[in-house]
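Observations on the model geometry
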Amino acid sequence: NKGYHLAIESMKELQAGHSGLKLLIVIGEPGEGGAQYLASLKEMTRRLGLEKVVIFTGFIPFDDPLLDEALLRTQCFLYPYLKESATSGSLATTLAARKIYVTSDLEMFRSFTPGIKFRAGEAGDLAAKMLQVRQMDADAVAAYQGRLQTYLASNNTEAMRRSHLDCFVGLLEAKSGSDCSL
């Protein structure tokens with residue numbers, strides 16, 4: 001559901017001409033079937049020769065200084081989801097870090113207007129958007145952060161999380177014309 005394999009595929013595509021990129025995958029305790037998925041992601045990383053590029057951290061608690069360090073050093077956050085699903089507080093946390101984020105174009109992300117969207121399920125489009133972020137100059141980053149700041153000023157992260165979960169419930173209930181805007 002979360003599309004981590006797309007991010008790994010994208011990194012392989014980007015490694016050809018763009019050194020220095022790293023992908024940090026912060027993944028919590030795997031649920032049912034999750035251990036196999038995590039093992040397959042690590043195997044895919046090994047098979048593609050990306051062991052030094054893709055880093056798996058496991059869950060990082062909110063009070064861990066490592067989380068602050070990761071948020072500070074990260075240029076861009078990815079949400080390559082393949083299907084509509086509820087997210088944890090990670091989206092609100094990364095939004096609060098005031099960094100660029102790239103999401104799939106699923107309904108649940110469309111209301112997050114400052115985010116850069118890619119076509120869900122398409123590693124090539126995700127790689128193109130990641131490259132777009134990598135090539136942003138200081139003015140483009142500042143303009144993006146200005147849009148994000150304006151957005152965040154009118155939406156607190158707890159309200160965003162609640163609204164996002166309400167939208168997800170609406171999608172599950174298949175309410176036609178459900179308004180999922182924040």
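For the structure, see preceding data.
A brief structural summary. No experiment lies behind these values; they were computed from the predicted model shown. (Residues numbered from 1 in each chain as written. Predicted model: local features only at pLDDT ≥ 70, side-chain atom pairs only at ≥ 80, totals over all residues. Heavy atoms only, no water.)

Bringing a nonpolar patch on the surface into the picture now. Together, Leu24, Val26 and Ile55 line one region of the surface with nonpolar side chains, adding up to about 210 Å² of accessible area. Relative to the assigned elements, isoleucine 55 resides in strand E2 (residues 54-56). The partly exposed category is assigned to isoleucine 55, whose relative accessible area is 37%. (Patch = residues over 30% accessible without salt bridge, like charges linked within 9 Å, V, L, I, M, F, W, Y side chains within 5 Å. Areas by Shrake-Rupley, 256 points an atom, 1.4 Å probe, with all protein chains shown as cover. Salt bridge = Lys/Arg side-chain N within 4 Å of Asp/Glu carboxyl O. Helix = DSSP H or I, 4+ residues; strand = E, 2+ residues; numbered from the N terminus. Buried < 20%, exposed > 50% of the residue type's maximum accessible area, 1.4 Å probe, protein only.)

Here we take up the sheet that holds strand E3 (residues 76-79). Pairing in this open sheet of three strands is parallel, and the strands run E3-E4-E5 from one edge to the other. The open sheet has two edge strands, E3 and strand E5 (116-118), and neither has a second partner. Direction aside, the axes of adjacent strands within the sheet are offset by 20° on average. Note: strand E4 (residues 100-104) against E5, three bridges, orientation parallel. Bridge pairing in E5 places serine 104 opposite phenylalanine 118. Across the sheet, helix H6 (residues 123-134) is in contact with E3, E4 and E5; its angle to E5 comes to roughly 155°. (Pairing = 2+ DSSP bridges. Axes fitted to C-alpha atoms, helices over the stretch in contact; angles between N-to-C directions. Contact = heavy atoms within 4.5 Å.)

A few words now on the side chain of threonine 74. Its place among the elements puts threonine 74 in the loop between helix H3 (65-73) and E3. One polar contact links the side chain of threonine 74 to the main-chain carbonyl oxygen of alanine 70, over a distance of 2.4 Å. (Polar contact = N/O pair within 3.5 Å; in protein donor to acceptor, adjacent residues only side chain to side chain.)

A separate point is the packing of aromatic side chains. Where two aromatic rings form a pair, the distance of their centres and the angle of their planes describe that pair. Counted according to the given criterion, the structure contains five aromatic pairs. For the pair tyrosine 79 and phenylalanine 109, a centre-to-centre distance of 6.1 Å together with 45° between the ring planes defines the contact as tilted. Placement of the pair is tyrosine 79 in strand E3 and phenylalanine 109 in helix H5 (residues 107-110), with a sequence separation of 30 residues. With respect to burial, tyrosine 79 and phenylalanine 109 carry one shared label: buried. Consider the rings of tyrosine 81 and phenylalanine 109, whose centres lie 5.5 Å apart with planes at 90°: the pair is edge-to-face. (Phe/Tyr/Trp six-rings, centres within 6.5 Å; stacked < 30°, edge-to-face > 60°.)

Everything listed here is a matter of coordinates, which is why it stays silent on function.
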